[in-house]
Every structure is written in C-alpha cells, then in structure tokens.
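A closer look at the structure
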Amino acid sequence: ASKDGKPVGAEQTEEQKQQQQQQQQQQQSQPPGVDPKFNDTAAINSVGSPLNANDVVTSGTSASVLAIDPSALEFVPIPSLQGSGSSSSLLNGLPAPELETDTDTGSSANGDVRSPPVVEAPPPETPAFVKMFRGSANYIANHRGTTAVYHIPGDLLEWDGISDLIDDIALTWLLGMRLVIVCGCRHQIDARLDHRHIDPIRHSSIRVTDSDTLRIVKEEAGYVRFEIERQLARSLRVVKSAHEDEFSGNVVSGNFYSAQPFGVIDGVDYMYTGFPRRVEVEKIRQVHQANDIVLLTALGVSPSGEIFNVNSESLAATAAGSLGASKIVYFTVRGMAFRNKDTSKIIQNLRVTDARNLLQHHRVKIHAKGFASVDDTGMDDTEANPEANDFLQSPAMVETLLKTGWSVSALDRGVKRAHILAPANGALLQELYTRDGSGTLISRDLYEGIRPANVNDVSGIYDLVDPLVKAGTLVPRPRDVMERDIRSYYVYTRDNLIVACGQLKRFEGGFAEIGCLVVSRDYRSQGRGDAILGYLERLCLQCGATKVFVLSTQTMEWFVERGFTEVNVNQLPPSRRAVYNYNRKSKIYMKHIDGDRDLDAQELWWNR
C-alpha cells in the first residue's frame, strides 16, 4: 500500500484506463487501416530518392539539363511539302544544275547517263483552317474599330450555351470591335410574377409597371446584369497576356441613358413603364477609349430621379442609332429563318424596304415610344386568313418579326446593318467573319435612287457620257443608238438629276457585260459608282448571269480593286468576241459572282 493508504495496483489501473481512452480517441480520428503511431514527417522523409545524373539525358556541349543534343537530331521530309513518290519539293519549279550533254546520245560529258526529267507534283491542298482564316481577314480588318450593339434576351441566361456565346462576344472585342451589350429580363420578370400568381397587366402589348412590379424589375435586372458581368469577366480574362494594359478589358455599367414615362395613353396610366430619352454618347465613347465594354439594362433613370422599366429591344435600337453603330445584333431565343416559297431558298439578306413590306404584310408596327404591336383584327378568322392563325400560334414567328421590326427601327436611326441571329455555337463569329454567315442580315437600301432608264433620260445620259467620249475614255454613243438601247441603261438620280449611269447587256452562257459606267464629276468619291456597280451586279445574279465582264482602256485599276481580274479575248462569249474591236485593244476584266453574300461582303468596304 502507498503512504496514503491506497493500493498501488489501483493507481496503475486508473492510468491504464486513461491511456486506453486516449488511444481509442486517436484511433477514431485516423482513417481506417492507419496506425495511430504513424509519424507523417518521418514517413515522407523515408521514401523517394533524388534524380541521378544518369537519369537525365543532357547535351555534351551545354550545362543545361533542358538542352537538346544536336547530334541527336536528324532531318526528315515533311509529307505536305513533298510530292507523292517523288523527291521533288516546293522548290522543284527552280531549274536544277545540269551537266553538259551529248544531244545525240543523251549522255553527259563525263560519261554519266542523264537522269529522266522530274515530274512536278501537284501543289498540296490548303488546310481548312488556313482557308478560313485567310477568308476572314477582310472581315476582321473591316470590323476593327467599329461600334456594335448586342441585344441578349434574358431567356438565354438559362441556356446551356450561354458561356460559349459570351466567349464569342469577348472574341469580337479582342478583334477590335467596340461593344455595347443590352440585356433584357422579360423572361425573369414573367417567371417571378407567375410564381407569385400575379397576372401581368398589359395594354397594346405594353406592360403596365406598378410599384410592386417595379421592385421585381429592379431585382431581376440586377441579377441579369451581374450574371452577364460574371460571364464576361471570365471571358475577358482569358485573353490576358504580357500586354495586360492593352488586352485587359472591363465591363462597365451605369446611367448611360435617361428614360421618361409613357404617361397616360387612351386612359391607361402606365406608371413606371418608360422609354429611352437620351443616350450619353460621350460617356460611352470614353469607356470605349479605355478598351472596356458597356453593359446596359432595362432600368432607365429620369433626370428627376425616377426609375422606369424600358423595353430592352427599343433601348438597343436607340443606343445603336445614337452611337452611329456599324451594326446591331439581335439574338433570338427560338431560331427561325425566312425561306422563299417558290424556290425553297433561304433568304439571308433583306433590304430595309423588303423588311418594311414584310412587317406591313403581317401587321406588325414599331411605335416611336419604343414598343411593338400586332394588329390582330380579323386574324381569328382562320377561313379567310389561314396564315394569320399560324402566325398567332407560333411564338418563333412572332419573335422573328418583332426582331425584324426593331432592326428596321435601328436602321431608320442611322445604323448600317442589323443581324437577327440564333445563338448556336459559333454562330456570331460565322455571321460576322465569314462570307456565308449564319443569320439574317437587314441593311439600308444603298441603291435608293437607282432605276431603269427611259427615253426621257437620253439627254441626261448623253450629257453625262459625252465628255468622256471626247476624251477617248468611252466609245462614241450617238443619241439615236442610245435611244434604241435605252432599256439596257440604268440611272442614279438625285432630286431628278442624273448623277450616274451604267449599261447592262446579257450574253449566252451566263455572261453579262457592264459598260458606260459614269459618275458625274460633282458626285465622285461618294460611293455612287460602287452603288450602281453593285446594283448591276445584283441584277446579273437575279437573271442567272454569274460571269460579269467589262472592257476598259483607262479605268482598269478601279475594276481590279473591286474583284475583277484580267482575261484574254478568248474568254468572252462567242457573240461578244465576234464584235471585239482589235484596233482599240480594250483590256478585258471578268468577275465571278457566287451569290448575294459575295456582294454583301463588297458593300462592307464601300459603305463603312
């Protein structure tokens, strides 16, 4: 027993119990199969080994372990640079050194037999990526430094491909475009109202925004804004490089426009529903000078401090017009295109006059206060108007026509081109940087004022052409001959004054000749010549003539700059070759037109 009278065995038993409890706690904290006495540091230090000198293949001439031993390199031919089954290369067109030979025996002076001539291999096929990149170069150069407005509907934020779309938008920024992004939130607002079992109040397709709805608009506009900012921040940072100051962009949003209320229309108070009043153009341009992207939402602030719910499509059109944007792009939720019923051909480009006729046909109106409406009077009569019922039953058709209407609104404000685009993977890049495109292009009518000539125009055409005839630039055209051929002439008029003219004749085999292309001296360098040339080329395409040629003795370079290449007289159609004037020796230039997209690409250059 101990001095205090307690048995020693009892004390040892108590200590053992404490040790057992500690061991149990340690075992519970360790993963299964791990010894609780395991020492991490000791175990790590006891495994592995440093690299041996023999394990690393080094160069005998360099101390660096990463150097390549030059004796270990060998030369091998690149298959794409070699002809199949031949030792010739890309340089086989150069003459090889030859020994003097005996022309009778075919042997060389030193007795060696001359080797047979080397057959040149066909040139290697250009890789698809190289073709694509070369074909995109003109578009990249043309779009660089221009302003574009993108409209993104709120529905697309729930689409799986939204990140790819934002990446493509960021890529257009990287290629030099100045961007304004307008994001809508109609889908999110309707979902919130439906979740609360609140029926939205609309009059003439316009939402009445009361105070409760405005609270929802603020919340959803904020969500959409920050979601797009988050996606853009990720995409813009991808392009960071050593030149961080030049290629590092930010997304800037704020009060870049002011709004005003709809007010009371036909006895209906639209409360906090408004429309754009003024766009702060200089502030946006300052942001662009800093290489940043501007982001606008559907919330506009009035000078008095009130906030209004603005139609985002109208905001995009107004902003694009105020900024003098080169293009506006409306992304759709439900992809749909236009197709010609007679030819089953997809229509990829519309003139603004054609777009207006389309809207009028379907009774779609875009109003000055920034809202769209559809006159559905009589549309419920499916027997009298079967197409109308299909129109009302198809949200995709309604969406496409409304986007067309907003595009026309933007063009009326001065925007040069509008694109309606389904945001499939890569569709934006294909639309902007390739000839074929992927959506619907709507452009201003660049050929307004051009019409077929009539007998009353003979004097005007003669006065325009005569100075060039006297200078020897054009062949003589007497008045009586001009009057006889007046149906082949086209004139460009301004205030009933003929400022340019051109002549178009068709030939066999899909050929057409453009001649007598003259612009008044007072109207040169204003795109008039390009406009009438483009108009005549489009006429050629419509009548099936895809090979267009011109004859010239003075203005050859002008046509070469517009895609014509010089050919010989044998390439003219037989009937035209038979009357070719060999004494005048006019040079012949020809151009092949594959489709409307070729001509659309041309317009990018002379109508920037």
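Residues numbered from 1 in each chain as written. Predicted model: local features only at pLDDT ≥ 70, side-chain atom pairs only at ≥ 80, totals over all residues. Heavy atoms only, no water.

Describing the overall build of the protein chain
This is how the line gets drawn: We count a stretch as a helix when DSSP gives it H or I for four or more residues in a row; a strand needs E for two or more, and each element gets its number in order from the N terminus. Should any heavy atoms of two residues lie within 4.5 Å, those residues are considered in contact. Where accessible areas are quoted, they stem from the Shrake-Rupley method and a 1.4 Å probe; at the residue level, only the protein chains shown are allowed to cover.
Within the protein chain, the secondary structure is distributed over 19 helices and 27 strands. Excluding contacts between residues fewer than 6 apart, the proportion of contacts in the protein chain whose partners are at least 24 apart in sequence is 70%. For the protein chain, the accessible area works out to roughly 35500 Å², and carbon and sulfur atoms hold 49% of it.

A closer look at unusual backbone geometry
To keep things clear, this is the line we draw: Whether a residue is buried, partly exposed or exposed follows from its accessible area with a 1.4 Å probe, protein chains only, as a fraction of its type maximum: under 20%, in between, or over 50%, in that order.
Even without a glycine there, the phi angle at D266 is positive, about 55 degrees. Of note, D266 is situated in the loop between β7 (264-265) and β8 (268-269). Judged by relative accessible area, which is 76%, D266 ranks as exposed. Even without being a glycine, N291 presents a positive backbone phi close to 65 degrees. Positionally, N291 belongs in the loop between α8 (281-289) and β10 (293-296).

So, helix α4 (residues 162-174)
For the record, the criterion: Here the expected length of a helix is defined as 1.5 Å per residue gap, with one fewer gap than residues.
Given a rise of 1.5 Å per residue, 13 residues ought to cover 18 Å, and the 18 Å separating the end C-alpha atoms of α4 matches this to within 8%. Listing the buried residues of α4 in full gives I162, L165, I166, D168, I169, A170, T172 and W173. Following α4 by one or two positions, G176 has its phi on the positive side, about 105 degrees.

Re helix α9 (residues 312-323)
What counts is decided by this rule: Here a polar contact is recorded for every N or O atom pair within 3.5 Å, except that within protein the pair must consist of a potential hydrogen donor and a potential acceptor, and residues adjacent in sequence are included only if both atoms are side-chain atoms.
For α9, which comprises twelve residues, the first-to-last C-alpha distance of 16 Å matches the rise-based estimate of 16 Å (1.5 Å per residue) to within 8%. Most of α9 is tucked away: eleven of the twelve residues are buried. Of all the residues in α9, the buried ones are S312, E313, S314, L315, A316, A317, T318, A319, A320, G321 and L323. N-cap assignment for α9: the residue whose side-chain oxygen lies 3.0 Å from the backbone N of E313 is N311. Taken from the residues just after α9, G324 is the one with a positive phi, measuring 65 degrees.

Some details on the packing of aromatic side chains
We count it as follows: Centres within 6.5 Å are what make two rings of Phe, Tyr or Trp a pair, Trp counting through its six-membered ring; a difference in plane orientation under 30 degrees is then read as stacked, over 60 as edge-to-face, and the rest as tilted. Note on criteria: charge over ring means Lys NZ or Arg CZ within 6 Å of the ring centre, with the direction from the centre no more than 35 degrees off the ring normal.
Scanning the entire structure with this criterion turns up eleven aromatic pairs. Arranged with centres 6.5 Å apart and planes meeting at 65 degrees, the rings of F511 and F549 form a pair that is edge-to-face. Within this pair, whereas F511 is found in strand β24 (residues 511-519), its partner F549 is found in strand β25 (residues 547-552), the two being separated by 38 residues in sequence. Given a relative accessible area of 0%, F549 falls into the buried group. Judged by centre distance (4.8 Å) and plane angle (85 degrees), the ring pair of Y580 and Y582 falls under edge-to-face. Among the aromatic residues, ring-to-ring pairing joins F262, Y270 and F275 into one connected group. Here the basic side chain of R479 rests over the ring of Y462, its NZ or CZ set 4.1 Å away from the ring centre.

With respect to the pattern of salt bridges
Defined as follows: For this analysis, a salt bridge means a side-chain nitrogen from Lys or Arg found within 4 Å of a carboxyl oxygen belonging to Asp or Glu.
By the definition in use, this model includes 22 salt bridges. Here E513 and R576 are joined by a salt bridge, their closest N and O atoms 2.9 Å apart. Note that E513 is positioned in strand β24 and R576 in helix α18 (residues 574-577), a separation of 63 residues in sequence. Linked by salt bridges that have partners in common, R192, R215, E219 and E220 make up one network.

Quick look at the state of the cysteines
What counts here: Two cysteine sulfur atoms make up a disulfide if the distance between them is within 2.5 Å.
Under the definition given, this model contains zero disulfides. The thiol sulfur of C185 is not disulfide-bonded, and the nearest other cysteine sulfur, from C183, lies at 7.3 Å. Owing to a relative accessible area of 5%, C185 belongs among the buried residues under this scheme. Free cysteine: C543, not disulfide-bonded; nearest cysteine sulfur from C540 at 5.5 Å. For C543, a relative accessible area of 27% translates into the label partly exposed.

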